[in-house]
Each structure stands twice: as C-alpha cells, then as structure tokens.
Amino acid sequence: MYEATHDGSPAGPDRTGRRPLAQRQQLRTMLERSTGITPQALGYLPGLVVAVLDLDYVAIELTSTVAAHGSVRGQVQTDVALFDGMPEPLATVMREHLDLAARGHSTTWRYVEKTSGITFDTEAAPIQDPFTAAVVGIVLVARDASEQAAAEHVRDAVLRGFRSSFELAPIPQALLDDTGQVQTANAAFTDLVGRSVDELAGMPFTELVLPRDVPRMDRAVEATLRAPADAVGRQDGDARLLREDGESVHCAVHMIGMEPDAMGARTIVQVLDQTERDRYEQELRTIANHDSLTGLLNRRGFRERVGDSLSTGRRRNEARALLLIDIDHFKTINDLHGHAAGDAMLCELAEAISAVTDPRDPAARIAGDEFAVLCVDGPTAARASAAALLQAVRDRSGGRRDGRVPMTVSIGLAEVDPVMDDVDDVLMRADMALYEAKDFGRDRVIEAGSTLTGDAARRSDRILATLREAIRTDALVLHSQPILDLHTGRVSQHEMLARMLDDDGELLSPGEFLPIAERHGLMPELDAWVSRQTIGLLGAQRAQGRSLPKLHVNMSARSADHPELLHELTSSIAGHDLPPGHLVVELSDTSRLADLDMARRFVDGLSSAGCPLALDEFGAGWGSLVYLRELPVEYVKIDGSITRDAAIDERAATLIEGVASTARSLGVRSVAPYVDTQACLTRLGSLGVDYAQGFQVGKPMPLTQSGRPARAHVAIEAPAASLTATRQR
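Residues numbered from 1 in each chain as written. Predicted model: local features only at pLDDT ≥ 70, side-chain atom pairs only at ≥ 80, totals over all residues. Heavy atoms only, no water.

Talk me through the overall build of the chain; I want residue IDs and the actual numbers.
A count of helical and extended segments in the chain gives 23 helices and 27 strands. Across the 729 residues that make up the chain, the buried fraction comes to 47%. Surface exposure of the chain reaches about 34,800 Å², of which carbon and sulfur atoms provide 52%. (Helix = DSSP H or I, 4+ residues; strand = E, 2+ residues; numbered from the N terminus. Buried < 20%, exposed > 50% of the residue type's maximum accessible area, 1.4 Å probe, protein only. Areas by Shrake-Rupley, 256 points an atom, 1.4 Å probe, with all protein chains shown as cover.)

With reference to specific residues and values, describe the pattern of salt bridges.
For the coordinates displayed, the defined rule picks out 19 salt bridges. Where Arg143 meets Asp121, a salt bridge forms, and the shortest distance between an N and an O atom there is 2.9 Å. A residue pair is termed long-range when its members are at least 10 positions apart, and Arg143 in strand 7 (residues 135–144) and Asp121 in strand 6 (residues 119–128) qualify at 22 residues. Of the residues examined, Asp121 reaches a relative accessible area of 18% and is grouped as buried. Between Asp577 and Arg542 there is a salt bridge whose closest N-O contact spans 3.5 Å. Separated by 35 residues along the polypeptide, Asp577 in the loop between helix 17 (563–575) and strand 22 (583–588) and Arg542 in helix 16 (residues 523–543) bring together distant segments of the chain. One continuous salt-bridge network, built from bridges that share partners, spans Arg110, Asp121 and Arg143. (Salt bridge = Lys/Arg side-chain N within 4 Å of Asp/Glu carboxyl O.)

Give me the lowdown on the packing of aromatic side chains, citing residues and values where you can.
The description of an aromatic ring pair uses the distance of the two centres, along with the angle that the planes make with each other. Using the criterion set out here, one finds one aromatic pair in the structure. Here the aromatic rings of Tyr635 and Tyr691 are separated by 6.1 Å at their centres, their planes lie at 55 degrees, and the arrangement is tilted. Note that Tyr635 is positioned in strand 24 (residues 633–638) and Tyr691 in strand 26 (residues 691–692), a separation of 56 residues in sequence. The exposure classification of Tyr635 matches that of Tyr691, with both residues buried. (Phe/Tyr/Trp six-rings, centres within 6.5 Å; stacked < 30°, edge-to-face > 60°.)

Tell me about the environment of Pro126, residues and numbers included.
Mapped onto the fold, Pro126 is located in strand 6. With sequence-adjacent residues up to four places away left out, Pro126 is seen in contact with Ala101, Gly104, His105, Ser106, Val135 and Gly137. (Contact = heavy atoms within 4.5 Å.)

As structure tokens, then:
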C-alpha cells in the first residue's frame with residue numbers, strides 16, 4: 001500500500017512540495033497495473049505526450065516525443081509542475097479537466113498550441129486504488145492530432161462544398177441511405193417530382209418510380225451499394241418518375257455509390273428530365289420520315305411502315321393492298337405554270353388522299369409526283385379508296401373558277417399476299433399497274449393481275465431484254481450532270497449517269513428501266529458499265545495530255561457484295577494508270593448493305609485504288625451515321641428529299657446545316673442534290689454546304705463529241721464572292 005493520512009487519502013507532499021518517492025512509485029505501479037503499459041512505452045509512440053500526475057498536478061513522470069512546454073523528444077522527466085510556464089488560457093482549461101479527473105471522471109478535449117500550431121487531442125483519466133477505488137492520481141495523454149485536424153478541416157470544407165453544390169445544383173439530385181430510402185433532395189428534385197423534402201425523407205426511392213421500372217431501379221441501388229469502398233459504383237438507366245399529381249416524367253437516372261457522409265448517405269441519385277430530348281428526337285424522326293411539302297410520309301418512312309405492316313399481315317394471315325398514284329402530265333404542268341403551281345397541286349393531292357383513305361392506311365409521297373397508300377384492310381378497301389380518290393380529283397378539277405390547274409391521276413393497285421415480304425416486290429407490282437394505267441389513257445385505276453396487265457408485263461420484259469443487250473453491247477448512253485463548287489461558284493465535278501434508248505431510239509426515263517434493273521439484279525452490271533465507261537473516258541483524257549476532271553459514278557449497295565466487280569474496277573484503273581482522286585464512287589441505298597464487313601473490304605479496295613468514297617442519300621436513314629463512322633468517307637450527298645426544300649422549310653434547312661457542320665468537323669465535304677431553284681441554291685450556300693447539283697446547276701447532258709462532259713449552264717445571280725459572304729454570315 002502507498003502512504004496515507006489518517007483519513008485514508010494519500011499522504012500530502014513533503015516540505016519540498018513533492019510527493020514522497022515511494023508514493024510516486026506507487027502511482028506509477030498502479031498505472032502499469034491498470035493499463036499494462038508503462039508511461040515510458042507510451043511516450044515513445046509517435047506524437048504522444050504522457051504524464052502521470054499526483055493530485056497536486058505535479059508530473060511524477062512526463063514522457064514525450066514532441067517538443068511541448070520544455071519537454072525533450074524521447075526523454076523522460078520527473079517532478080515537473082504541470083502548470084509551470086503554461087499559458088493562462090490553456091492552464092485554465094487544463095485545470096478544469098484535471099479537476100474532473102481528480103473527482104473520478106475521464107474527460108477529453110482538443111486544443112491548439114498557439115506557439116507551435118500543433119493540435120492536441122487530450123485525455124485526462126483518474127488513477128484509482130485497486131482496493132479502495134479512491135483516486136490517487138491522474139494520467140494525462142496528449143496526442144498530436146495536427147494531421148487529423150487538417151484532414152478533418154479539408155473534409156468539412158469538402159462536405160460543406162458538396163452540400164452547397166448539392167442544394168444549388170440545377171440537376172435534380174437525391175441522397176439515399178443503405179436501405180434505398182431518400183434522406184434528402186435538392187430543390188430541383190423536389191420541383192421535378194412535386195414533393196417537399198419532408199415528404200421525401202424516409203420514402204423508398206422506388207416509390208417514386210412507375211411499377212414496371214421498380215425492379216431495374218432496385219438492381220441499380222443494390223449494385224451501387226455492393227461496389228468496393230475504393231471504387232465508384234455507378235449505374236445508369238432510365239425510368240419514369242411519378243409526380244405528386246400522378247403524371248410521369250421520363251428521366252435518365254444515374255446512381256453513384258459513395259462512402260457514408262455525416263448523415264449516412266450511401267448513394268447519390270441524379271435524374272435528367274428527358275421530356276425535351278424525347279420531343280426533339282420525335283421531331284427529328286418526323287422530319288426524317290415525312291415529306292416537308294405535303295406532310296405525308298416520305299419514301300423512307302413509307303418503306304418502314306410497309307415492312308411493319310407486311311410482318312403483321314404474315315402473322316395474322318391478312319392480305320394488304322398497295323395504291324401507287326401519279327399525277328398525269330405533271331412535268332408539263334410544271335413547265336407551263338411553274339414550280340409554285342406544281343407544289344400547290346402536290347399539296348392538293350395529298351389532302352385528297354388523306355380525305356378518302358382510312359386513317360390507319362400509311363400514305364406517302366415517295367417521289368416527285370408519285371404517291372403511295374398501303375391499305376391495311378386489303379384489296380376490297382383499296383379499290384374503294386382508289387375509286388373515291390379518282391372521283392375526288394375529278395370533282396376538284398371539274399368546272400373550277402379559282403384559276404387552279406386541272407388535274408387527273410393514274411393509279412396502280414397491287415394486292416399484297418400474306419407470304420410477300422419484300423417491299424420492293426410490292427412497289428414493283430404496283431408500278432407495273434401504274435404504267436399500264438398511263439398507257440391506257442390515264443385518269444384510271446389498273447389492278448395488277450387484271451386482264452390488262454399482260455401489256456405491262458410484256459413492256460417490262462421488252463425493257464429488261466433491251467437493257468441486258470445494251471449492257472452487253474455497250475449500247476447504253478452516258479450522260480453527265482455538273483456539280484457546282486459553292487465556294488468558288490464554278491463547276492468542278494460531274495456525275496456520270498447511264499441512259500437507255502427504247503426500240504424507237506427515244507430516251508427512257510430512269511424511272512422506267514432502273515426499277516426493272518433492281519428487280520432483276522442487274523444493278524451490279526449496270527454499275528460496272530458506267531464505271532468502265534468513266535474510267536475509259538478518264539484514260540483517254542490522260543492519254544491526250546488533258547487535265548483530268550473529277551467524275552462521280554453511282555454504285556448500288558448490292559454491287560458492294562460482288563468482289564469480282566471490285567477486281568475489275570481496280571484492274572481497269574491500274575491499266576489506265578489513273579492518278580488517285582479523279583474517280584469518286586457514290587455508294588447509294590446503304591440501308592440495303594447485306595454485310596458491312598464485305599462493304600468495308602469493297603470500299604477499302606476502291607480507296608487503295610485512289611477512288612474517294614461518297615455516301616449517297618445521306619440522312620435518309622439513321623444508319624447513315626454508322627456508315628460515316630465505319631467507312632472512309634470523303635463526301636456525303638445529302639438526301640434530296642431534304643435539300644429540295646431548303647429555301648422554304650426551316651426544319652429542312654436546320655437538318656442540312658447540321659449535316660454540313662458535322663461533315664465539315666470530320667473533314668468530309670457535303671453535296672446537295674435536287675437543287676432546282678435559285679432560292680434553294682443561294683440558301684444552301686448560307687447553310688455551309690460545299691457543293692450543289694440539280695437542274696438549277698445543270699441538267700444531265702450527253703457527252704460532247706470529244707468525250708468531255710458537256711459544259712454546264714449555271715444560273716447564279718450572285719457572283720461567287722457573294723455566295724462566300726452569305727456563307728460567312
């Protein structure tokens with residue numbers, strides 16, 4: 001036992017003011033017994049100050065590895081009066097805690113030493129007699145917490161910044177705990193869902209989601225919670241959030257797992273309202289699938305709808321029927337009365353079609369003056385619609401006094417059996433019936449398969465036989481159409497086109513023989529003929545020492561499936577020793593590429609032979625962007641259904657400008673075909689398009705006797721400098 005007074009308390013100090021040595025040793029022994037650690041051992045731990053004090057607050061032992069109040073690093077001092085030299089503010093705080101420890105209470109506190117700037121976490125604990133439990137001394141431990149304090153300061157600053165950013169962020173955000181319940185949300189989130197923070201607190205996040213999206217959101221929350229502590233668990237998806245008023249909002253949802261914050265939040269949820277994006281995408285789809293003049297579907301949109309309807313018909317074993325409608329003598333009307341009258345007539349016919357057909361029947365303007373309707377209720381309904389349309393057009397034209405041009409239409413009707421699955425086959429049958437309706441006097445309906453279609457079939461057979469013989473004997477005619485450089489205002493390139501003569505030596509329109517060539521698989525042979533002729537033309541120019549023009553040739557998607565055609569072309573180019581860059585290959589109808597890898601090999605072979613690649617009909621399908629990424633493209637020819645309306649349709653102009661800008665950013669040049677008016681030509685220059693092609697620039701013309709492309713007569717009211725200035729504005 002240690003020395004004690006008569007009342008049982010420890011003996012007081014001797015006349016020197018110090019506790020007897022034996023009592024100090026007893027205190028030290030009690031500390032070791034209670035903790036199992038000697039003060040010296042504690043003192044040699046980094047950043048610790050350890051003091052064993054008697055009840056007069058004299059240090060029986062003071063051990064330190066930091067310099068504080070005269071202590072020496074790594075040394076042990078004895079009989080040190082704790083408050084000697086201690087600043088008064090610190091001494092006051094220290095005495096309060098030591099007094100509590102002397103009464104048997106353990107206390108902790110933190111202080112910063114002003115002279116050194118060191119932050120200490122300090123603990124004072126009583127030393128008690130193990131037999132009487134009387135307090136006989138105090139152990140004081142001060143730990144250097146400077147680094148921890150600095151880290152906590154940074155953490156607190158970051159947390160404050162996070163909270164501030166979280167609250168003020170324009171992006172709707174919520175914090176979830178480890179059960180997926182909402183702890184808090186920012187103002188943007190409460191505005192989106194129409195609930196207050198108090199209403200959201202404690203609500204499972206999945207209660208804010210449409211039922212069909214709940215399993216996906218549950219999996220996303222769980223995945224973020226399962227992510228390792230040293231990794232960011234992020235889950236992206238989409239869901240429809242329920243507002244308080246019962247409406248739903250389509251949102252992109254991003255969940256990010258995180259270390260628990262002061263409130264225990266484990267997941268931050270960010271949601272982005274997709275309503276405007278959905279509206280914009282729907283508008284783009286509408287623009288891409290609809291004719292800007294009439295508002296009906298365009299050829300691309302119609303093909304998609306027909307394909308879907310044929311699939312449905314096969315599943316249900318239901319017949320469909322197709323109407324192909326063409327305005328009689330439309331070219332003459334355009335030439336005599338102008339394009340404005342022609343456009344008005346197209347709009348009138350579109351209105352008549354919409355008025356007499358079932359709203360379920362897809363209707364489209366698939367070419368200049370050619371319209372199509374798919375009758376989902378089959379041939380009986382189609383016959384009724386065709387008859388009603390003929391009568392409506394006749395009534396419109398009969399006895400009119402409003403100055404509008406009279407109009408009649410020819411209609412081809414083709415029944416679509418449930419087993420048919422090729423849209424082109426359907427269009428071909430209706431097309432044959434339409435030509436027969438024109439051959440038999442126009443202003444009538446002819447049904448494919450009727451007794452009259454034999455003449456149409458025989459005509460198709462004659463054209464097919466003539467085309468095959470013309471390809472074999474080089475009896476086709478090569479025409480060229482100029483392409484205008486909108487930067488310089490000069491014709492810099494030409495597109496080479498195949499034309500065919502009928503039995504009487506008259507030129508057939510491309511619409512009469514090209515569909516037959518496609519139907520009977522002759523496009524690769526036709527493409528090869530045009531390419532051979534063009535390469536021979538360039539070779540002849542080179543042999544005569546003339547400067548070589550840049551000539552474009554069309555190559556259908558089906559031609560890309562023929563490696564032998566690639567070999568023939570590359571061999572011909574090498575045989576004529578043509579320098580690279582003068583034969584541009586325009587790949588058309590890319591939506592029908594059967595094998596992208598084969599197409600890539602075909603294009604790479606042409607590129608190696610020095611043939612730049614152009615994508616034709618760019619923008620007619622969403623797949624255009626895929627081919628722009630996958631193939632080494634140097635030109636994009638914007639789909640003509642968009643460019644022809646550049647001067648009158650702001651939506652079309654916006655699309656054209658976007659395509660031109662995208663192409664330019666990728667180092668690709670843009671070409672706009674079907675430029676038939678001066679207004680369209682001028683507008684294209686201001687939209688950033690590089691080249692223009694169409695009747696306003698020059699019509700397809702036969703080659704001159706010298707074999708050179710015919711000189712184009714380009715009608716440009718403003719000089720090239722003005723076009724450039726318009727572009728810059």
